[in-house]
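These are the residues of each chain, in order.
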Amino acid sequence: MTIGEAWRAGAAKLREAGVGEEDANAELLLLHALGIGKAELLRDLREPMPAAKLEAWERSLARKAAGEPVQYIMGRQAFYGRWFEVTPDVLIPRPETELLVEAVLAACGGGALTALDVGTGSGAIAVTLAAERPAWRVYASDLSADAIAVARGNARANDADERVTFVRGDLLAPFVGGAGGGQFGEAGLAVDILVSNPPYIPSADLPGLQREVRDHEPRLALDGGPDGLAPYRRMAAQLRGLPRLPRLVAWEVGAGQAEDAAALLREAAEWERIWFVRDYAGIDRHVLAIRSE
Ligand code: GLN
């Protein structure tokens with residue numbers, strides 16, 4: 001069997017299983033199994049399929065045919081020009097979240113700022129901010145210890161581990177002050193920028209999600225409570241526990257949630273400006289609130 005024949009047979013197998021985009025998926029998995037790039041694949045189409053790679057190729061095809069996202073099979077996803085390891089313990093970073101990072105970078109200069117990424121998952125946002133802004137100090141939280149382990153690995157792999165501190169905990173809880181003082185003292189952590197892409201799917205909508213998402217991505221990263229807004233409500237309340245209000249808050253939200261999320265921010269504090277950023281589908285996907293010192 002040649003590499004080209006293996007590709008065609010693989011795509012046919014995926015088509016039979018009812019997996020969408022089978023040609024693209026087969027190509028990605030074949031490149032991964034062979035450990036080569038697209039140019040080499042096209043050059044080697046008539047070469048024999050290496051016997052040593054056959055098992056990995058067939059195993060990954062079977063996983064894809066069973067509905068698993070290709071990113072978990074390959075174990076990685078690109079985000080903002082860098083690779084991130086992904087396991088089923090973390091949400092696969094989405095392209096629209098790159099727009100959130102872009103909006104944060106555009107709203108803030110390169111000065112020495114402290115940024116906090118709440119619900120960091122793979123660490124995509126936190127690590128990208130640290131890598132793009134060498135003068136920033138970045139903190140990141142996640143409720144899942146397994147996610148924190150993945151995120152730490154991603155910070156190391158992208159040479160950002162010295163400027164990103166990961167803390168296990170619920171949303172902003174590890175960073176707010178209080179009697180006795182936690183890890184960040186009685187006052188809590190002074191944060192300039194608060195970024196978050198929290199779980200925001202209303203619980204009742206979870207069964208209706210795409211099968212790949214519903215059956216394979218972590219529920220903890222998806223379930224936003226009865227109306228999907230629970231994490232925003234709690235973050236807005238937690239803002240008061242910080243030693244001072246952040247200069248910028250940037251939240252990714254679900255479809256139709258932007259106005260409600262903005263209202264929560266308005267109730268929590270005074271802002272100079274609140275605006276929305278649309279995603280590639282034209283949906284208001286990010287809510288940003290800024291205030292001057
Ligand atoms: N912050 C992570 C990301 O943007 C994880 C988001 C989540 O799990 N809800 O990919």
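Residues numbered from 1 in each chain as written. Predicted model: local features only at pLDDT ≥ 70, side-chain atom pairs only at ≥ 80, totals over all residues. Heavy atoms only, no water.

### Here we look at the domain arrangement of the protein
Using the following cut-off: In this entry, domain limits derive from an automatic or database-based domain assignment.
Partitioning the protein into domains gives domain 1 (3–67) and domain 2 (88–290). Taken over C-alpha atoms, the centre of domain 1 sits 36 Å from the centre of domain 2.

### A word on the sheet that holds strand E3 (residues 114–118)
Which entries qualify depends on this criterion: Only strands joined by at least two bridges in the DSSP assignment are considered to pair. We count a stretch as a helix when DSSP gives it H or I for four or more residues in a row; a strand needs E for two or more, and each element gets its number in order from the N terminus. Orientation is described by axes fitted as lines to C-alpha atoms, over the contacting stretch for helices, and by angles from 0 to 180 degrees between their N-to-C directions. By definition in these notes, contact holds between two residues if any of their heavy atoms fall within 4.5 Å.
The seven strands are arranged E5-E4-E3-E6-E7-E9-E8 in an open sheet whose pairing can be described as mixed. The open sheet terminates on both sides in strands that have one partner only, identified here as strand E5 (164–168) and strand E8 (273–278). When strand polarity is set aside, the average angle formed by the axes of neighbouring strands in this sheet is 15 degrees. Two elements, E3 and strand E4 (residues 137–142), share five bridges in a ladder whose sense is parallel. Bridging from a neighbouring strand, Thr 114 pairs with Arg 137 of E4. Helix-sheet contacts for helix H10 (residues 230–238) involve E3, strand E6 (193–196) and strand E7 (248–252), and the interaxial angle to E7 is about 170 degrees.

### Things to note about the packing of helix H1 (residues 3–16) against helix H4 (residues 51–65)
We apply this condition: Any angle from 65 to 115 degrees is called roughly perpendicular, while one under 35 is roughly parallel, one over 145 is roughly antiparallel, and all others are oblique. Crossing handedness: left-handed means the near helix sits turned counterclockwise from the far one by under a right angle, and right-handed means the same turn made clockwise. Each residue gets one label: Ala, Val, Leu, Ile, Met, Phe, Trp, Tyr, Cys and Pro are nonpolar, Asp, Glu, Lys and Arg are charged, and the others, such as Gly, are polar.
Closest axis-to-axis distance for the H1/H4 pair is 9 Å, and the angle between their directions is 25 degrees. Taken together, the axes of H1 and H4 lie roughly parallel to each other. Where H1 crosses over H4, the two elements pack in a sense that is right-handed. Across the interface between the two elements, Ala 6, Trp 7, Gly 10, Lys 13 and Leu 14 from H1 touch Trp 57, Leu 61, Lys 64 and Ala 65 from H4. Partitioning the contact of H1 with H4 into residue classes produces six nonpolar, one polar and two charged.

### Description of the UniProt feature "binding site: S-adenosyl-L-methionine" (unreviewed entry) in the protein
Note the cut-off: UniProt positions are given in the numbering used here, feature names are shortened, and annotations may be inferred rather than shown by experiment. Site definitions follow a grid-based scheme: protein atoms alone, a 1 Å grid, a 1.4 Å probe that fits but cannot get out for cavities, and for pockets an open set with protein on both sides within 12 Å along at least five of seven lines, plus lining residues having an atom within 4 Å of a point.
The sites that UniProt annotates as "binding site: S-adenosyl-L-methionine" (unreviewed entry) are Gly 119, Thr 120, Gly 121, Ser 122, Gly 123, Asp 142 and Asn 197. Separation in sequence by 79 residues is not matched in space for these annotated residues, since their most distant C-alpha atoms are only 11.5 Å apart. Lining residues of the largest pocket drawn from the annotated set just named are Asn 197. In this fold, Ser 122 is placed in the loop between E3 and helix H7 (124–132).

### A word on the site of the ligand
For clarity, the threshold we go by: Residue proximity to a molecule or strand is established when one non-hydrogen atom of the residue lies within 4 Å of it. Residues adjacent in sequence count toward polar contacts only when both atoms are side-chain atoms; beyond that, a polar contact is any pair of N or O atoms within 3.5 Å, and within protein one must be able to donate a hydrogen and the other to accept it. We get accessible surface area from the Shrake-Rupley algorithm with a probe of 1.4 Å; when it comes to residues, only the shown protein chains can shield them. A molecule is counted as occupying a cavity or pocket when more than half of its atoms fall within 2 Å of that pocket's grid points.
Lining the immediate surroundings of the ligand are Leu 91, Pro 93, Thr 97, Gly 119, Thr 120, Ile 125, Asn 197, Pro 198, Pro 199 and Ala 221. Within the contact set of the ligand, a nitrogen atom lies 3.0 Å away from a backbone nitrogen or oxygen of Gly 119. With respect to the ligand, the side chain of Asn 197 contributes an N or O atom lying 2.9 Å from an oxygen atom. Computed on the free molecule, the ligand has an accessible area of 300 Å², of which 97% lies beneath the protein chains in the complex. A majority-of-atoms criterion places the ligand in the second largest pocket. Here the shell around the ligand is built from residues that sort into six nonpolar, four polar and no charged.

### Focus on helix H2 (residues 22–34)
This is how it is decided: Expected span of a helix: the number of residues minus one, times 1.5 Å. Only protein chains enter the calculation, and the probe is 1.4 Å; a residue is then buried if its accessible area is under 20% of its type maximum, exposed if over 50%, and partly exposed in between.
End to end, H2 covers 18 Å across 13 residues, agreeing with the expected 18 Å (1.5 Å per residue, within 8%). Burial in H2 covers these residues: Glu 22, Asn 25, Ala 26, Glu 27, Leu 29, Leu 30, Leu 31, Ala 33 and Leu 34. In this fold, the buried residues of H2 make contact with H1, helix H3 (38–43), H4 and helix H5 (70–74). A positive backbone phi angle near 70 degrees is found at Gly 35, which sits one or two residues after H2.

### Re the pattern of salt bridges
The condition is simple: Criterion for a salt bridge: a side-chain nitrogen of Lys or Arg within 4 Å of a carboxyl oxygen of Asp or Glu.
A full pass over the atoms with the stated rule returns 16 salt bridges. Between Asp 284 and Arg 278 there is a salt bridge, and its shortest N-O distance comes to 3.6 Å. Judged by its relative accessible area of 26%, Asp 284 is partly exposed. Of the charged contacts in the structure, one is a salt bridge between Arg 285 and Asp 279, with a shortest N-O distance of 3.0 Å. Each member of the pair Arg 285 and Asp 279 is classed as buried.

### A closer look at helix H8 (residues 145–157)
The periodicity of an α-helix, 3.6 residues per turn, causes residues three or four positions apart to be oriented the same way. End to end, H8 covers 19 Å across 13 residues, agreeing with the expected 18 Å (1.5 Å per residue, within 8%). Those residues of H8 that sit buried are Ala 147, Ile 148, Val 150, Ala 151, Gly 153, Asn 154 and Ala 155. Residues of H8 that are buried sit in contact with strand E2 (82–85), H7, E4 and E5. Sitting at the head of H8, Ser 144 places a side-chain oxygen 3.3 Å from the backbone nitrogen of Asp 146. Looking one or two residues beyond H8, the residue adopting positive phi is Asp 159, at roughly 55 degrees.

### What to know about the side chain of Thr 114
Looking at where Thr 114 falls in the secondary structure, it is placed in strand E3. When neighbours within four sequence positions are excluded, Thr 114 is seen to be in contact with Arg 137, Tyr 139, Leu 189, Ala 190, Val 191, Asp 192 and Ile 193.

### Side note on the packing of aromatic side chains
Here the distance between the centres and the angle between the planes together describe a pair of aromatic rings. As a reminder, the rule being used: To pair, rings of Phe, Tyr and Trp, with the six-membered ring standing in for Trp, must have centres within 6.5 Å; the planes then decide the type, stacked if under 30 degrees apart, edge-to-face if over 60, and tilted in the middle. Note on geometry: a ring has a charge over it if NZ (lysine) or CZ (arginine) is within 6 Å of the ring centre and within 35 degrees of the ring normal.
All told, the structure shown has five aromatic pairs when counted by the stated rule. Aromatic pair Phe 79 and Phe 84: ring centres 6.1 Å apart, planes at 85 degrees, arrangement edge-to-face. In this structure, Phe 79 and Phe 84 share a single accessibility class: buried. Grouped by ring-pair contacts, the aromatic residues Tyr 139, Phe 175 and Phe 184 constitute a single cluster. Here Arg 76 stacks its cationic end above the ring of Trp 83, 3.5 Å away from the centre of that ring.

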